[in-house]
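Results of the structural survey
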Amino acid sequence: MPGEATHCWVVVLDIENFSSRTDPIQRSLRTGMYEVLREALVRAGLPAGDIDIEDRGDGVLMIVPATVSPIDLAGPFVRALDDELKQKAVVYSPAHAMRFRVALHQGLAARDGEGWSGHAVNTACRLVDAGPLRDVLAAATSSRMVFVVSDEIYRAVVRHGHRSIDPAAYLPMSFRTKHGEIIESWVTVPGAPAPPGLPEEAGGPEAGGPQAAPGGQGGAAAGPGDRRPPNGAGISVGTVHGDVFQGNKTVNVHTNGPVRP
């Protein structure tokens, strides 16, 4: 029913450096993006017919029904995207280089005659446009994509190490939105042992997990893969390049010290 909010998984995908390309190359990249996406959905065994894909020009917004396992999204689907991008890289020229930023979140979203909206959609868009995430992909020069999940997805899915999901390959990444909200997330680069380009204090082999306070988020205690720095230290605060579909996509953020939620 139009206007009725439903729980779903929200996936946002963007092409790196899309707006800096010429119009013919942008059209070619859009064609390639949809080819990669459709093939990845098939390879991951996801019900493409049940997934609503909304075009965003330089990427897509995907509303995935809650009946789909998030393990399949964070595992087989991400691997399939990376594999398909690898195939494209063999035949694409450097001018057509196509690399993705992909974000996964969850929550309520509602559809009207123009598309999808809701806090979960806004958060997923903020994740994929975050400055620190762009920095990670820029630093991962030999990689084809970067994948970020919200803290809720990390705690519920990734940190448990389901199937081939490796929580040790994720590092914490937090940033402040233009509204002053701190968004906590976890980032990985498929095929890499750890994502590059994050401040050293944001996470790493020596970073310890937090002691979750009773009644904290989801009431979940830190797991073996939860390597968030204690007491909110080591937060990577960067630039949010956009949190809505249209409008100004650059917001500069400055901080003079550690930021605590």
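First, a word on scope: everything that follows refers to the structure included in this document. Remember, it's a predicted structure, so these values are computed and weren't measured experimentally.

Right, let's get into the overall build of the protein. Secondary structure assignment for the protein yields five helices and eight strands. Walking the protein from its N terminus toward its C terminus, one meets helices and strands in the order β-α-β-β-α-β-β-α-α-β-α-β-β. A total accessible area of about 12000 Å² is found for the protein, and carbon and sulfur atoms account for 51% of it.

This part is about the pattern of salt bridges. Scanning the entire structure with this criterion turns up 13 salt bridges. Salt-bridge contacts for Asp151 lead to Arg155; the nearest nitrogen and oxygen are separated by 3.0 Å. Of this pair, Asp151 and Arg155 both sit in helix H5 (residues 151–156), four residues apart, which is roughly one turn of the helix. Its relative accessible area of 2% is what places Asp151 among the buried residues. Of the residues examined, Arg155 reaches a relative accessible area of 13% and is grouped as buried. Within the structure, one salt-bridge network assembled from shared partners comprises Asp14, Arg56, Arg101, Asp129 and Arg134.

Attention now goes to the nonpolar core. By size, the foremost hydrophobic cluster in this structure holds 43 residues, and its most contacted members are Phe77 and Phe100. Elements with a minimum of two residues in this core: strand S1 (6–15), helix H1 (23–43), strand S3 (59–65), helix H2 (70–91), strand S4 (100–111), strand S6 (145–150) and H5. Residue contacts for Phe100: discarding those within four places in its chain leaves Leu13, Asp14, Ile15, Met33, Val36, Leu81, Leu85, Leu137, Arg144, Met145 and Val146. Ala109, Trp116, Val121 and Ala140 belong to the second largest nonpolar core, which has 29 residues in total.

A word on the environment of Arg99. Assignment of secondary structure puts Arg99 in the loop between H2 and S4. Sequence separation between Arg99 and Lys86 is 13 residues, and the spatial gap between their C-alpha atoms is 9.5 Å.

When you line up the elements, Glu16 lands in the loop between S1 and H1. Here Glu16 is in contact with Arg21, Arg99, Arg101, Leu137 and Ala138, once residues within four sequence places are set aside.

Side chains of residues three or four places apart in an α-helix project in the same direction, reflecting 3.6 residues per turn. Its 22 residues give H2 an end-to-end C-alpha distance of 31 Å, which sits within 8% of 32 Å, the value for a rise of 1.5 Å per residue. Along H2, the helix axis deviates most sharply at Phe77, where the bend reaches about 30°. Of the residues flanking the start of H2, the one acting as N-cap is Ser69, its side-chain oxygen 3.1 Å from the backbone nitrogen of Ile71.

The next point concerns the packing of H1 against H2. Interaxial distance between H1 and H2 falls to 8 Å at its minimum, and their mutual angle equals 135°. It follows from the interaxial angle that H1 and H2 lie oblique. Crossing angle aside, the handedness with which H1 passes H2 is right-handed. Packed against H1, whose contacting residues are Gly32, Glu35, Val36, Leu37, Glu39, Ala40, Leu41 and Arg43, the element H2 presents Phe77, Ala80, Leu81, Asp83, Glu84, Leu85 and Lys88 at the interface. A breakdown of the residues in the contact of H1 with H2 according to their chemical character gives eight nonpolar, one polar and six charged.

Criteria and thresholds
Residues numbered from 1 in each chain as written. Predicted model: local features only at pLDDT ≥ 70, side-chain atom pairs only at ≥ 80, totals over all residues. Heavy atoms only, no water. Helix = DSSP H or I, 4+ residues; strand = E, 2+ residues; numbered from the N terminus. Areas by Shrake-Rupley, 256 points an atom, 1.4 Å probe, with all protein chains shown as cover. Salt bridge = Lys/Arg side-chain N within 4 Å of Asp/Glu carboxyl O. Buried < 20%, exposed > 50% of the residue type's maximum accessible area, 1.4 Å probe, protein only. Core = buried A, V, L, I, M, F, W, Y, C linked by side-chain atoms within 4.5 Å. Contact = heavy atoms within 4.5 Å. Expected span 1.5 Å × (residues − 1). Bend = angle between axes of the 7 residues up to and from the residue. Polar contact = N/O pair within 3.5 Å; in protein donor to acceptor, adjacent residues only side chain to side chain. Axes fitted to C-alpha atoms, helices over the stretch in contact; angles between N-to-C directions. Parallel < 35°, antiparallel > 145°, perpendicular 65-115°, else oblique. Left-handed = near helix turned anticlockwise from the far one by under 90°. Nonpolar A, V, L, I, M, F, W, Y, C, P; charged D, E, K, R; others polar.

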